[in-house]
Amino acid sequence: MTPKTWTESDRLAALESYAILDTPLEPEFDDIARLAAEVLESPIAVVNLIASGRQWFKAEIGIGARELPLDVSICAHAILQHDTMVVTATREDPRFVNNPLVTVDDGLRFYAGALLKTPEGLPLGTVCVLDRRPRPEGITPRQQLALELLARQVMTQLELRKTVALYASRAREIEIEVRGRQDAQDAQAISEARYRRDRKSV
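Residues numbered from 1 in each chain as written. Predicted model: local features only at pLDDT ≥ 70, side-chain atom pairs only at ≥ 80, totals over all residues. Heavy atoms only, no water.

Chemist: What is the right way to read the overall build of the chain from this model?
Modeler: The number of helices and strands found in the chain is five helices and six strands. Moving toward the C terminus, one meets the helices and strands of the chain in the order α-α-β-β-β-α-β-α-β-β-α. Expressed as a percentage of the 202 residues in the chain, the buried residues total 39%. By sequence separation, contacts in the chain at least 24 residues apart represent 61% of the contacts at least 6 residues apart. (Helix = DSSP H or I, 4+ residues; strand = E, 2+ residues; numbered from the N terminus. Buried < 20%, exposed > 50% of the residue type's maximum accessible area, 1.4 Å probe, protein only. Contact = heavy atoms within 4.5 Å.)

Chemist: Explain the pattern of salt bridges to me, please; I cannot follow it from the model alone.
Modeler: Two side chains of opposite charge can pair, provided their charged atoms sit close to one another. A complete count under the given rule lists nine salt bridges for this structure. Across the pair D31 and R34 runs a salt bridge, and its minimum N-O distance is 2.8 Å. Residue D31 and its partner R34 are located together in helix α2 (residues 27-39), separated by three residues, close to a single helical turn. Residue classification places D31 among the partly exposed positions, given a relative accessible area of 42%. One salt bridge connects R54 with E67, and the closest N-O pair in it is separated by 2.8 Å. (Salt bridge = Lys/Arg side-chain N within 4 Å of Asp/Glu carboxyl O.)

Chemist: What is the right way to look at helix α1 (residues 8-17) in this model?
Modeler: Owing to its 3.6 residues per turn, the α-helix brings residues three or four apart onto one side. Turning to α1, its buried residues are R11, A14 and L15. When α1 is viewed along its axis, its buried side chains cluster within an angular range of 100° and face the same direction. In α1, those exposed residues whose orientation departs by more than 90 degrees from the buried face are S9 and E16. Each element contacted by the buried residues of α1 is listed here: β1 (44-50) and β6 (123-131). One or two steps after α1, the chain reaches A19, where phi turns positive at roughly 50°. (Arc of directions from axis to C-beta.)

Chemist: Sorry if this is basic, but what is going on with the side chain of E26 here?
Modeler: If you trace the backbone, E26 turns up in the loop between α1 and α2. If sequence neighbours within four positions are ignored, E26 has contacts with I20, K58 and R161.

Chemist: Looking at this model, I keep getting lost on the packing of aromatic side chains. Mind explaining?
Modeler: Working definition: an aromatic ring pair is given by the centre-to-centre distance plus the angle between the planes. If you walk through the whole model with that rule in mind, you get zero aromatic pairs. Cation over ring: K162 sits above Y18, and NZ or CZ is 4.4 Å from the ring centre. (Phe/Tyr/Trp six-rings, centres within 6.5 Å; stacked < 30°, edge-to-face > 60°. Lys NZ or Arg CZ within 6 Å of the ring centre and 35° of its normal.)

Chemist: Before we go on, may I ask you to explain unusual backbone geometry in this structure?
Modeler: Among all residues except glycine, the phi angle is most often negative; among peptide bonds, the trans geometry is most common. Even without glycine at this site, A19 takes up a positive phi of about 50°. By secondary structure assignment, the location of A19 is in the loop between α1 and α2. Of the residues examined, A19 reaches a relative accessible area of 55% and is grouped as exposed. The phi dihedral of D106 is positive, around 60°, even though this residue is not glycine. One can find D106 in the loop between α4 (100-103) and β5 (110-117).

Chemist: Whenever I open this one, the pairing of β6 confuses me. Can you help?
Modeler: The buried fraction of β6 amounts to nine of the nine residues, a majority that puts the element mostly inside the structure. In this structure, β1 lies alongside β6, joined through six bridges in antiparallel fashion. By the bridge assignment for β6, V47 is matched with V127. Of the strand pairs in this sheet, β5 and β6 are connected by eight bridges, and their pairing is antiparallel. Within the sheet, the bridge partner assigned to L115 lies in β6 and is T126. Hairpin geometry of β5 and β6 is characterised by an intervening segment of five residues between the two adjacent antiparallel strands and by a positive phi of about 95° at G121. (Pairing = 2+ DSSP bridges.)

Structural data, given as C-alpha cells:
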C-alpha cells in the first residue's frame, strides 16, 4: 500500500488495532526517544501517534505533555510524506509560518521525523526530534538512518504487543470453549447417572 492509496479511516483503524493510545509510559519507548535525542543532539524527541483530532505521545523528552491538538502538529504533515521529513527552518516553511508552536518566542525552529508505518504502509505517526534553533545543515545520512531504525524499532514493539494480545485473546477463547465442553460432559454424566439410578428404582 502506497501513501497515495490509504484513506484516513483505514489509517485510524490500523492505529486502533494496536491498542496503544492512552497507555502508560513504558521504558522500551522512553529509551527510543532518549536515544533519538542523543543521536540527533536535540533537546526534544518524541514517539508520537497521530490519532483523531490529536497528536498523542507514547514517549517524549522536552515537551512536558502527553498530547497536543492536531491543528498545531508538525507530524500531521510528516505522515503525508513518503519518507523522513526534515524541516531545517520552520519559520521559512509556508506550512508552519502561522503555527503557534513555531511563532512563539523560543518556539520550534527545526524538525526531523521518521515515519512509523504498518507492514501495509499505513503511517501511524513518527519518531521525531525538534530544536529551538534552525539547522540549515539539516541532518547527516547517519542521523537519518538512526532515526529510521528507531522508527522501525517502535513498529517492532507495536507488532509484538499486537501479536501477544491476539494470542492471549485466542487462549481465552480456547479456555472458554474447553470449559464449556467440560461442563457439557459433566452435565451429561450427571444425567446418565440419574437415568441409571431411576431405572434401578423401577
